[in-house]
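Chain by chain, the residues:
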Amino acid sequence: MALSISFLMLLTALALSPLCFAFPHGGPFLFPQFYDRSCPKAHEIVKSIVAKAVAKEARMAASLLRLHFHDCFVKGCDASILLDSSKTIVSEKLSVPNRNSVRGFEVIDEIKSALEKACPHTVSCADILALAARDSTVLVGGPYWEVPLGRRDSLGASIQGSNNHIPAPNNTLQTIITKFKLKGLDLVDLVALSGSHTIGQSRCTSFRQRLYNQTGNGLPDFTLDPAYAAYLRNRCPRSGGDQNLFPLDLVSPTKFDNHYFKNLVTKKGLLSSDEILFTNSPATKKLVELYAANGELFFQHFARSIVKMGNIAPLTGSMGEIRKNCRKVNHA
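Residues numbered from 1 in each chain as written. Predicted model: local features only at pLDDT ≥ 70, side-chain atom pairs only at ≥ 80, totals over all residues. Heavy atoms only, no water.

Which entries qualify depends on this criterion: UniProt positions are given in the numbering used here, feature names are shortened, and annotations may be inferred rather than shown by experiment.
In the annotation of an unreviewed UniProt entry, the protein is listed under the name Peroxidase and assigned to Musa balbisiana. Per UniProt, the protein carries the Function (unreviewed entry) text "Removal of H(2)O(2), oxidation of toxic reductants, biosynthesis and degradation of lignin, suberization, auxin catabolism, response to environmental stresses such as wounding, pathogen attack and oxidative stress."

Structure below.
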């Protein structure tokens, strides 16, 4: 009991401590007021276009949030995920985690076009991704956070990095922990950021193994609620239906809340990488239980952790460039 109280006190202290806008390992600063003079309407432009896109399709909120994640986990938060293939670039859009999966590029294009008209060659695509992720989260009921700005855009992409560094649905918990640790993110960050799966959808191919042959013995995953598994099998057969979509949070799939964690407690996490947070580690299980019981604490930790993630190896100063078109480098 004393251990649980101490653990809760530590987490509360983390949530209430001030956000630091510096890089995790030192270096130049990102700060929310970066465009206040150079592009004073930048925030308003991003927010309005994101709001229009989410009103048209609620799922877009999760898609834009996911773009920020999948960008930062490769070479840092540098908009490399937005680059199309060219003579010198193999697009990260072709990687296993992204192919036929990541989306929302047209919304980013629309935002960039509007910003280029308002203040040419000023707002980076990397900062657009960070702002769109925040605005999307808020629009569907999630927490607000100040977005540190001042990132610049990469001159290349890394399909190898995308394949190797983005956590996968079938990764072991230790592999996921390692992938987060390599980016300077800890267990609290891992569990809190996993809570982004409170919105969005996943393809049958991402969790089919859990339904039919989780460990190679021809049996379903014993950590998956049997009734929920039967429901999933209706539209996710042993073969075929790979692209069929299922909500990551079956209770409130378009609302950013803590039902994702409540689902894990009742063995109704959709992905293996979600459910193992509750079943494979006492430390992550405790966090899941805390967030399931306290949505406000989850919101506090999520906001802190996504700012921390947004600080992964950004390009600043004279590094990289400010792309005119997010899909290609300026001098392709």
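1. Considerations on the side chain of S63
Let me state the cut-off plainly: In this description a helix means any DSSP run of H or I spanning at least four residues, a strand means any run of E spanning at least two, and both kinds are numbered starting from the N terminus. Partly exposed residues are those whose accessible area sits between 20% and 50% of the maximum for their type, while under 20% is buried and over 50% is exposed, using a 1.4 Å probe and protein chains only. In protein, a polar contact means a hydrogen-donor-capable atom and an acceptor-capable atom, both N or O and within 3.5 Å, with residues adjacent in sequence counting only if both atoms are side-chain atoms; elsewhere, any N or O pair within 3.5 Å suffices.
Locating S63 in the fold gives a position in helix α3 (residues 60-75). You can call S63 buried: its relative accessible area is 8%. A polar side-chain atom of S63 sits 2.9 Å from a polar atom in the side chain of R103.

2. Focus on a nonpolar patch on the surface
Where we set the bar: In this analysis, a patch consists of residues with relative accessible area above 30% that form no salt bridge, clustered at 9 Å for like charges and at 5 Å for the nonpolar side chains Val, Leu, Ile, Met, Phe, Trp and Tyr. Here the Shrake-Rupley method, with its probe set to 1.4 Å, supplies the accessible areas, and only the displayed protein chains count as covering residues. A side-chain nitrogen of Lys or Arg and a carboxyl oxygen of Asp or Glu constitute a salt bridge if their distance falls within 4 Å.
A surface patch of nonpolar side chains, about 300 Å² in accessible area, is lined by F29, F31 and F34. With respect to the helices, strands and loops of the structure, F29 is situated in the loop between α1 (2-16) and α2 (42-56). For F29, a relative accessible area of 57% translates into the label exposed.

3. Remarks on the pattern of salt bridges
Overall, the coordinates contain 13 salt bridges when judged by the stated rule. Across the salt bridge formed by R151 and D127, the nearest N and O atoms sit 2.7 Å from each other. In this pair, R151 sits in the loop between α5 (125-139) and α6 (159-165) while D127 sits in helix α5, placing the two residues 24 residues apart along the sequence. Residue R151 shares its accessibility class with D127, and that shared class is buried. Of the charged contacts in the structure, one is a salt bridge between R208 and D242, with a shortest N-O distance of 2.8 Å. Here the residue R208 occupies a position in helix α9 (residues 208-212), and D242 occupies one in the loop between α10 (226-233) and β2 (245-247), the gap between them amounting to 34 residues. On the basis of relative accessibility, which here comes to 15%, the residue R208 falls in the buried class. Classification of D242 by relative accessible area gives partly exposed; the value is 33%.

4. Notes on the UniProt feature "binding site: Ca(2+) 1" (unreviewed entry) in the protein
Condition: We call two residues contacting when some pair of their heavy atoms lies within 4.5 Å.
Mapped onto the present numbering, the UniProt feature "binding site: Ca(2+) 1" (unreviewed entry) falls on D71, V74, G76, D78, S80 and E92. Separation in sequence by 22 residues is not matched in space for these annotated residues, since their most distant C-alpha atoms are only 13.1 Å apart. Tracing the sequence through the fold places D71 in helix α3. Those residues within four positions of D71 in sequence are excluded, and the remaining contacts are G76, C77, D78, A79, S80, I81 and L129. Looking at the secondary structure, you find G76 in the loop between α3 and α4 (105-118).

5. Here's the deal with the UniProt feature "binding site: Ca(2+) 2" (unreviewed entry) in the protein
What UniProt calls "binding site: Ca(2+) 2" (unreviewed entry) maps, in this numbering, to T198, D249 and D257. In sequence the annotated residues extend across 60 residues, while in space they remain close, none of their C-alpha pairs exceeding 9.7 Å. As for its position among the elements, D249 is in the loop between β2 and α11 (259-265). You can call D249 buried: its relative accessible area is 0%. If we skip the residues at most four places from it in the chain, D249 touches H197, T198, D257, H259, Y260 and N263. Side-chain polar atoms of D249 contact the side chain of T198, separated by 3.4 Å.

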